[in-house]
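Examination of the molecular architecture
These are the residues of each chain, in order.
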Amino acid sequence: EAIQFHWDTDEVAVEQQGVNVHPHLSTVTYLTDEGAPTLVLDRRNSRTPAEVERAYGPLEEAWLSQPRRGKHVVFDGQLLHGTVPQGGETGERITFLVNVWLNHRPSNCRRLPGNLARRPPAGGG
């Protein structure tokens, strides 16, 4: 299943202040060997949505990551990325995605309560 190409951004900052704020790093951890690969393009977002045309034009570099369970991919959080379904794929793509933000907390994000952060994992692991 395709994941539309996008830039990770603080959506509330875009809607309320008209500014694109991106994470320092974006990550993908594959939990299965199946599904569409991740494609990261050398295309940075503009500072404001009105300037998005600056992102148009030919690409110079791109990185394709095939799913492999346990594989962890890290890339610049300002880069355009998504998935590209391949013919004949079977199985479900399952990933764990984390964005690393420095000097900014995305709107509507809250710290995990301490009692949940200290809770041991289910199954005693």
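How each quantity is defined
Residues numbered from 1 in each chain as written. Predicted model: local features only at pLDDT ≥ 70, side-chain atom pairs only at ≥ 80, totals over all residues. Heavy atoms only, no water. Core = buried A, V, L, I, M, F, W, Y, C linked by side-chain atoms within 4.5 Å. Buried < 20%, exposed > 50% of the residue type's maximum accessible area, 1.4 Å probe, protein only. Helix = DSSP H or I, 4+ residues; strand = E, 2+ residues; numbered from the N terminus. Patch = residues over 30% accessible without salt bridge, like charges linked within 9 Å, V, L, I, M, F, W, Y side chains within 5 Å. Areas by Shrake-Rupley, 256 points an atom, 1.4 Å probe, with all protein chains shown as cover. Salt bridge = Lys/Arg side-chain N within 4 Å of Asp/Glu carboxyl O. Pairing = 2+ DSSP bridges. Axes fitted to C-alpha atoms, helices over the stretch in contact; angles between N-to-C directions. Contact = heavy atoms within 4.5 Å. Polar contact = N/O pair within 3.5 Å; in protein donor to acceptor, adjacent residues only side chain to side chain.

Counting six residues, the largest nonpolar core consists of Val 28, Tyr 30, Val 40, Val 73, Phe 75 and Leu 79. Elements supplying a minimum of two residues to this core: strand S1 (25-30) and strand S4 (72-76). Ranked by size, the runner-up nonpolar core spans five residues in total, among them Trp 7, Leu 39, Leu 41 and Leu 80.

This brings us to a nonpolar patch on the surface. Residues Leu 31, Ile 94, Phe 96, Val 98, Val 100 and Leu 102 make up a contiguous nonpolar surface patch of roughly 490 Å² in combined accessible area. Locating Leu 31 in the fold gives a position in the loop between S1 and strand S2 (38-44).

Next up on the list: the sheet that holds strand S3 (residues 62-65). The antiparallel open sheet is built from three strands, whose spatial order is S3-S2-S5. Two strands bound the open sheet, and with one partner strand each, they are S3 and strand S5 (79-83). Across this sheet, the average inter-strand angle for adjacent strands is 20°, counted without regard to direction.

What follows covers the sheet that holds S4. Read from one edge of the open sheet, three strands run S4-S1-S6, paired in antiparallel fashion. At either end of the open sheet lies a strand with only one pairing partner, and these are S4 and strand S6 (95-100). Averaged over neighbouring strand pairs, the angle between their axes works out to 15° when direction is ignored. Across five bridges, the pairing between S1 and S4 is antiparallel.

All right, on to the environment of Ser 26 then. As for its placement among the helices and strands, Ser 26 is situated in strand S1. Classification of Ser 26 by relative accessible area gives buried; the value is 1%. Each C-alpha atom, one on Ser 26 and one on Ala 13, is 18 Å from the other, the two residues being 13 residues apart in sequence. Not counting residues up to four positions away in its chain, the partners in contact with Ser 26 are Asp 8, Val 73, Val 74, Phe 75, Asp 76, Gly 77, Val 98 and Asn 99. For Ser 26, the side chain forms a polar contact with the side chain of Asp 8, separated by 2.7 Å. Side-chain polar atoms of Ser 26 contact the side chain of Asn 99, separated by 3.3 Å.

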